[in-house]
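# Close look at the chain arrangement
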Amino acid sequence: MQNTQTTLSRATLMFPLALVLFEFSVYIGNDLVQPAMLAITKEFGVSSAWAPSSMSFYLLGGACVAWLLGPLSDRLGRKKVLLAGVAFFVITCLLILFTQHIESFLALRFLQGFGLSVIAAVGYAAIQESFAERDAIKVMALMANISLLAPLIGPVIGAFLIDHVSWHWGFIGIAFLAFLSWFGLKAKMPEPKGSIPKQPLSYMWDDYKQVFKNKSFMIMTLGLPMVAMPLMLWIALSPVMLVEELGLSSLQYGLAQFPVLGGLIVGNIVLIKLVDRLALGKTVLIGLPLMLLGTAIVVAGVIWREYFLYAVILGMTLVSFGEGISFSVLYRFALMSSDVSKGTVAAAVSVLMMFIFFFVIEFVRIMYEYFHLWAYALSCFILIFLWFSLPRTILKKIMQQRQVQGDF
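It should be emphasised that the depicted structure is a prediction, and the values quoted were computed from it without experimental measurement.

### A few points about the pattern of salt bridges
For the coordinates displayed, the defined rule picks out two salt bridges. The partner of Arg365 in a salt bridge is Glu362, with the nearest N and O atoms 3.0 Å apart. With Arg365 and Glu362 both in helix 16 (residues 342-371), this residue pair falls three residues apart, about one helical turn. Given the relative accessible area of 12%, Glu362 is considered buried. The partner of Glu369 in a salt bridge is Arg365, with the nearest N and O atoms 3.7 Å apart. Within this pair, Glu369 and its partner Arg365 are both found in helix 16, separated by four residues, close to a single helical turn. Glu369 sits in the partly exposed class, given a relative accessible area of 44%. Judged by its relative accessible area of 15%, Arg365 is buried. A single network of salt bridges, built from pairs that share partners, joins Glu362, Arg365 and Glu369.

### What to know about the packing of helix 3 (residues 53-76) against helix 5 (residues 102-112)
Between helix 3 and helix 5, the shortest axis-to-axis distance is 6 Å and the interhelical angle comes to 45°. Considered as vectors, helix 3 and helix 5 are oriented oblique to each other. Two packed elements cross with a definite hand, and for helix 3 against helix 5 that hand is right-handed. Of helix 5, the residues touching helix 3 (which contributes Ser53, Ser54, Phe57, Tyr58, Leu60, Gly61 and Cys64) are Phe105, Leu106, Arg109, Phe110 and Gln112.

### Some thoughts on the packing of aromatic side chains
Summed over all chains, the structure comprises 16 aromatic pairs. Taken together, a centroid distance of 5.9 Å and an interplanar angle of 15° make the contact between Tyr208 and Phe212 stacked. One end of the pair, Tyr208, and the other, Phe212, are both in helix 10 (residues 204-212), four residues apart, so they sit about a helical turn from each other. Exposure remark for Tyr208: the relative accessible area of 6% places this residue in the buried category. In this structure Phe212 comes out as partly exposed when scored by relative accessible area, which is 34%. One aromatic cluster is present, formed by Phe57, Phe355, Phe358 and Phe359 through successive ring pairs. The lysine or arginine in question, Arg109, covers the ring of Tyr58, its NZ or CZ lying 4.1 Å from the ring centre.

Each value, and the rule that gives it
Position labels on residues start from 1 in each chain and follow its written sequence. Given that the model is predicted, a residue must reach a pLDDT of at least 70 before its local features are reported, and side-chain atom pairs must reach 80 or more before they are shown or counted; all residues, however, enter totals for whole chains, interfaces and linings. Think of the side-chain values as coming from all heavy atoms in the structure, minus any hydrogens and water. Salt bridges are defined as contacts in which a side-chain nitrogen from Lys or Arg sits within 4 Å of a carboxyl oxygen from Asp or Glu. By the criteria applied, helices consist of DSSP H or I runs no shorter than four residues and strands consist of E runs no shorter than two, each listed in order from the N terminus. Only protein chains enter the accessibility calculation, which uses a 1.4 Å probe. A residue is then buried if its area is under 20% of the maximum for its type, exposed if over 50%, and partly exposed in between. Under this scheme, a helix contributes an axis fitted over its contacting stretch, all axes are lines through C-alpha atoms, and angles between N-to-C directions fall in the 0 to 180 degree range. Roughly parallel covers angles under 35 degrees, roughly antiparallel covers those over 145, roughly perpendicular covers 65 to 115, and oblique covers all other angles. Left-handed describes a crossing in which the near helix is turned anticlockwise from the far one by less than a right angle; the clockwise case is right-handed. Throughout, a residue-residue contact means that at least one pair of heavy atoms, one from each residue, lies within 4.5 Å. Here a pair means two rings of Phe, Tyr or Trp (six-membered ring of Trp) with centres within 6.5 Å. Their orientation is stacked below 30 degrees between planes, edge-to-face above 60, and tilted elsewhere. Think of it as a cone above the ring: NZ of Lys or CZ of Arg counts as a charge over the ring if it is within 6 Å of the ring centre and within 35 degrees of the ring normal.

Right, dumping it as structure tokens:
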């Protein structure tokens, strides 16, 4: 699909803003629900150990459909697939209001997770095609900051719903926001400037083979969940850690999210300010050591348990700041490391990331039942530590190649 890249301006921002409203809906579909999961599991008469499964099944749903959405959007057009995906998400948010058992609840969480793939495999690919390299990174960082309102206000709203009304109203609000975004995308998403390829869908297997044989793509993509996973684990497990383990109230739990997720917002702002001044990738080499330091502080908090609350908030704030100045750049490098059409490449990135998210969250959830805070702290540290192996080597190689080519 051949789109003419545009420069960043107030007019061209309307499409990303419409997309980020849907992204916000999808993200708050997790962040508002997670603090409510203790009440939901109680209502369904099951153990609170099921609470993190709401998030992992959400991610699994995204992973299972991304492989199709990317190539489909290459052939049918990004706009058609995106609008259909938004409509499907709205319907599943309304259907979950009628669930009576944890199994049907998780099944619909799985279907709602398709929205994650609509964003990652279709929406992000459209952004990368529509804007020049550094403008695309700025747009992604700006979108991340707006969508971060979801984990900031989601827990507070979730706590309010639990205490005063019902978790059902959260899904009604999410469906309404996604419904509004559908109209914005229909009006503002640009149409493709070139002809859409007419290759049959069967050709996508050849495309995927080409993508997955690319060593740089595989290593850079596998490095993405290493960077993002600690914060994902925080979102999944912090209700259990802070409320059940440490005895915080629902409101205190919500307030504890502000410094952690605020670090991610500040990191994205810093990235927007620095991306035109530094060689692309330099912020990653600054951010990842900060993330490693943050996870080490979390481990120290488990050793000196009386300081755990302070250590985990400080450590995770450093982790989220490091992710903020790193992730959009790493995503761009992963996406552009293959010459295959970007819908297919974005789908491959999405599939790998979300399957890893699902399995790691479920693994850490099981380990948490036996080792509690140690399972969380060591998982975060190991994930960031592993990034300093092959992903860091490939990143430096890409940066050296760009320097030789005169790209900074």
